[in-house]
Each structure stands twice: as C-alpha cells, then as structure tokens.
Amino acid sequence: MTARGASVDGKVVVITGGGTGIGAATARRYAAEGARVVLVGRRPGPLEAVAAETGGLAVVADASVREEAEAAVHRIVTELGRIDVVVANAGGHGLGTVDETDDAAWELSFRTNVTTAFVLARAALTPLVESHGQIVVVSSLAGLFAGPGVAGYTVGKHALIGLTRSLARDYGRYGVRVNAVCPGWVQTPMADEEMDDFARAAGLSSREEGYRIVTAAVPLGRPALPEEIASVIRFLGSAESSYITGATIVADGGAHIVDVPTIALDA
C-alpha cells in the first residue's frame with residue numbers, strides 16, 4: 001500500500017497560532033483538502049474568523065497552561081472523535097540581547113515559543129497514539145543559527161528542535177511521527193511589523209524595500225509566502241511523509257547554504 005497521494009480528507013488537524021500568518025494558511029490548506037481544522041489560541045477574534053472561513057472549530061485556550069491544553073484536547077476529542085495532526089505553530093517574542101532580557105521577558109519568550117508546543121503535545125499524545133498521528137513543530141531558521149539581538153527567540157527556536165527530536169525518539173515506536181519546519185523570512189503580519197520598523201530605522205521607503213534588503217543574499221531572493229510553508233507542514237502532517245520522523249526541514253529559500261564570508265564577493 002503506497003502513501004503517495006495520501007488524502008487528509010476527514011483528518012482532524014489541531015493548529016496553534018492559527019488565527020494569522022502560517023497558522024491560518026495551514027488551516028486553509030488542510031481544509032481545502034477536506035480536513036477538519038481546529039484553531040487553538042488565546043485571541044478569539046482571529047481564530048473565529050479563520051474557523052468561519054474554513055468550516056473549522058475555534059478553541060480559545062492558552063496552550064502553555066496544562067489545564068487549558070487538556071481541556072482543549074478533551075473538547076476536540078469529544079466533539080470530533082479524534083486528533084490526527086497537531087501543528088505547534090504558536091510563537092513570537094524574544095527580542096534583545098542576553099543582558100537586555102530581564103526575567104519576565106525570558107519567561108514570556110520561552111513560554112510562548114516552547115512551553116506551548118510541549119504542553120499541547122503532551123496533552124494530545126494519547127489521541128495521537130490512537131490515530132498513529134503526526135506532530136509538526138514550527139521552529140525557525142533561528143532554531144539553527146543566531147540573529148543579532150534576539151536571544152530569547154533564538155534559544156526558544158533551538159529548543160523546539162530538541163523537543164521535536166525527543167518526541168520522535170520516544171513515540172515513534174507507538175506510531176507517532178514528529179518533525180520540525182524551519183522557515184526563513186515569511187511575509188506574515190508579524191514579519192510585516194518587523195519590516196516596517198526596519199524600514200523606518202533604515203530610512204527606507206517601504207516594507208517591500210526592507211524585505212528586498214534582508215533577502216538580498218538568499219538564493220531565491222525573496223521571502224516566502226505563508227502558503228509555501230503551509231505546503232511543507234501539510235506534507236509532514238500526512239501519510240505522504242510516512243517514513244520521515246525526527247527531521248528538521250528547512251524552508252528558507254536557500255539562506256542556510258550561503259557561505260557568509262563570501263557574500264561580499266557575489267557581484
């Protein structure tokens with residue numbers, strides 16, 4: 001029996017941070033193929049908007065809090081009968097160097113980027129074992145390399161790679177596959193805000209010029225669209241990737257292959 005062209009029709013896909021950006025694009029991608037999507041997050045407005053668009057279920061919960069994550073999983077299984085895929089996409093925060101990061105900022109960064117994925121994955125393990133399901137962890141290129149002045153974010157995204165590998169190592173024998181995606185620059189609302197700030201600070205005319213500058217050394221020469229990352233997530237969160245687990249898939253337009261010391265030589 002081949003997994004090629006395996007359908008996600010009827011699968012229950014739980015997505016944290018599903019109200020905007022990559023999460024919303026992932027919900028649309030799965031829903032277009034007949035999956036039942038569940039959007040989990042703290043802000044009801046964006047979740048309900050995407051749920052209405054995709055025919056999905058909005059569950060307002062803080063995935064970093066054990067009681068709320070467990071209640072969300074219980075509701076999903078009660079109402080939809082199963083969980084087949086968890087997309088741990090929630091994240092953000094973590095600006096500043098180490099000496100600029102106080103205890104509150106550090107805790108917020110780690111909770112937002114790592115604890116949300118850890119706690120929800122733990123809560124969903126029983127139904128995932130029952131369905132031989134998948135977890136897709138959305139890390140970042142910052143999970144492999146370090147940018148300037150983003151210590152909390154960098155540490156958190158690195159930790160997600162470790163969480164992915166630990167889950168894959170321990171639960172593969174129960175039929176659960178776990179993989180990570182590391183996007184580079186993606187045109188999301190959060191990245192747009194960063195580009196607006198960069199454009200103002202650098203005296204640029206627009207965010208588009210900002211994106212052009214930060215991707216100038218990227219082989220594909222542009223940021224990704226959220227839909228392009230959603231395609232990678234959908235592949236990993238389906239039977240089409242049936243023999244892949246513990247992997248880190250980089251989707252960055254080729255940025256990670258660039259030899260930094262040679263950039264100045266590139267005419």
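Chains are numbered independently. Their residues run from 1 in the order of the written sequence. Given that the model is predicted, a residue must reach a pLDDT of at least 70 before its local features are reported, and side-chain atom pairs must reach 80 or more before they are shown or counted; all residues, however, enter totals for whole chains, interfaces and linings. Side-chain measures were taken over the full set of non-hydrogen atoms in the model, leaving aside hydrogen atoms and water.

## Re the overall build of the chain
Put simply, the rule reads: Numbering of helices and strands runs from the N terminus, with a helix taken as a DSSP run of H or I at least four residues long and a strand as a DSSP run of E at least two residues long. Two things to know: the radius of gyration comes from C-alpha atoms, and the globule rule equals 2.2 Å times the number of residues to the power 0.38. Partly exposed residues are those whose accessible area sits between 20% and 50% of the maximum for their type, while under 20% is buried and over 50% is exposed, using a 1.4 Å probe and protein chains only. A contact between two residues is defined here by any heavy atoms of the two lying within 4.5 Å. For the area figures, the Shrake-Rupley method with a 1.4 Å probe applies, and any residue is considered shielded solely by the protein chains shown. Charge assignment: positive for Lys and Arg, negative for Asp and Glu; neither His nor the chain ends contribute. Where a charge lies is defined by one atom per residue type, namely NZ (Lys), CZ (Arg), CG (Asp) and CD (Glu).
Summing up its helical and strand segments, the chain has eight helices and seven strands in all. In terms of overall size, the chain behaves like a compact globule, its C-alpha atoms giving a radius of gyration of 18 Å where 267 residues would be expected to give roughly 18 Å. Dimensions of the chain along its principal axes, counting C-alpha atoms only, are 55 × 45 × 35 Å. Within the chain, buried positions represent 47% of all 267 residues. Counting only contacts in the chain whose residues sit at least 6 apart along the sequence, the fraction spanning at least 24 positions is 67%. If you sum the accessible surface of the chain, you get close to 13000 Å²; carbon and sulfur atoms cover 56% of it. The averaged location of the 30 negative side-chain charges in the chain is 8 Å from the averaged location of its 22 positive side-chain charges.

## Some remarks on the UniProt feature "domain: Ketoreductase" (unreviewed entry) in the chain
What counts, and what does not: UniProt positions are given in the numbering used here, feature names are shortened, and annotations may be inferred rather than shown by experiment.
In this numbering, the UniProt entry assigns the feature "domain: Ketoreductase" (unreviewed entry) to residues 11-188. When the span residues 11-188 is considered, its composition is 49% helix and 17% strand, and the gap between its end C-alpha atoms is 26 Å.

## Quick notes on the nonpolar core
Applicable threshold: In these notes, a set of buried Ala, Val, Leu, Ile, Met, Phe, Trp, Tyr and Cys residues joined through side-chain atoms within 4.5 Å is what counts as a nonpolar core.
In this structure, Val14, Val38, Val59, Ile76, Ile83, Val86 and Ile135 are the most contacted members of the largest nonpolar core, which totals 34 residues. Looking at which element gives the most residues to this core, the answer is helix α4 (residues 103-131), with seven residues. Apart from residues lying up to four places away in sequence, Val38 is in contact with Val12, Val13, Val14, Ile15, Leu57, Val59, Ile76 and Leu80. Among the nonpolar cores identified, the runner-up in size contains 26 residues, and Tyr30, Leu39, Val136 and Val138 belong to it.

## Digging into the pairing of strand β1 (residues 12-16)
We apply this condition: A pair of strands is considered paired only if DSSP assigns at least 2 bridges between the two. Here, the term right-handed applies to a crossover whose path from the first strand over the helix to the second runs clockwise when the strands point away from the viewer.
Among the five residues that make up β1, five are buried, leaving the element largely enclosed by the rest of the structure. Residues of β1 alternate between two faces, with Val12, Val14 and Thr16 on one and Val13 and Ile15 on the opposite face, all of them buried. The sheet contact formed by β1 and strand β2 (residues 36-41) spans five bridges and is parallel. By the bridge assignment for β2, Val12 is matched with Arg36. As a crossover connection, the stretch from β1 through helix α1 (residues 21-32) into β2 is right-handed. Across three bridges, the pairing between β1 and strand β4 (residues 85-88) is parallel. In the strand pairing of β4, Val13 is matched with Val85.

## Concerning unusual backbone geometry
Positive phi outside glycine occurs at His93, with the angle close to 70 degrees. Looking at the secondary structure, you find His93 in the loop between β4 and α4. His93 gets classed as partly exposed once you look at its relative accessible area, which sits at 44%. Backbone geometry at His132 places phi at a positive 50 degrees, although glycine is not the residue there. Tracing the chain through its elements places His132 in the loop between α4 and β5 (134-138).

## A word on the side chain of Lys157
Where we set the bar: Take a side-chain nitrogen of Lys or Arg and a carboxyl oxygen of Asp or Glu: if they are within 4 Å of each other, that pair is a salt bridge.
Relative to the helices and strands, Lys157 is located in helix α5 (residues 151-171). Buried charge Lys157 goes without a salt bridge, the closest partner of opposite sign being Glu194 at 10 Å. Apart from residues no more than four positions distant in its own chain, Lys157 is found in contact with Gly91, Asn113, Val138, Ser139, Ser140, Ala142 and Gly143.

## With respect to α4
Note the threshold: The span one expects for a helix is its residue count, reduced by one, times 1.5 Å. The angle separating two fitted axes, one through the seven residues that finish at a residue and one through the seven that start at it, defines the bend at that residue. Pairing of N or O atoms within 3.5 Å defines a polar contact, subject to two protein rules: one partner must be a possible hydrogen donor and the other a possible acceptor, and residues neighboring in sequence count only if both atoms are side-chain atoms.
With 29 residues, α4 extends 40 Å from end C-alpha to end C-alpha; this agrees with the ideal 42 Å at 1.5 Å per step. Where α4 bends most, the angle comes to about 55 degrees, and this point is Leu125, followed within four residues by the proline Pro127. The N-capping residue of α4, defined by a side-chain oxygen 3.2 Å from the backbone nitrogen of Ala104, is Asp102. Trailing α4 by a residue or two, His132 shows a phi angle of about 50 degrees, which is positive.

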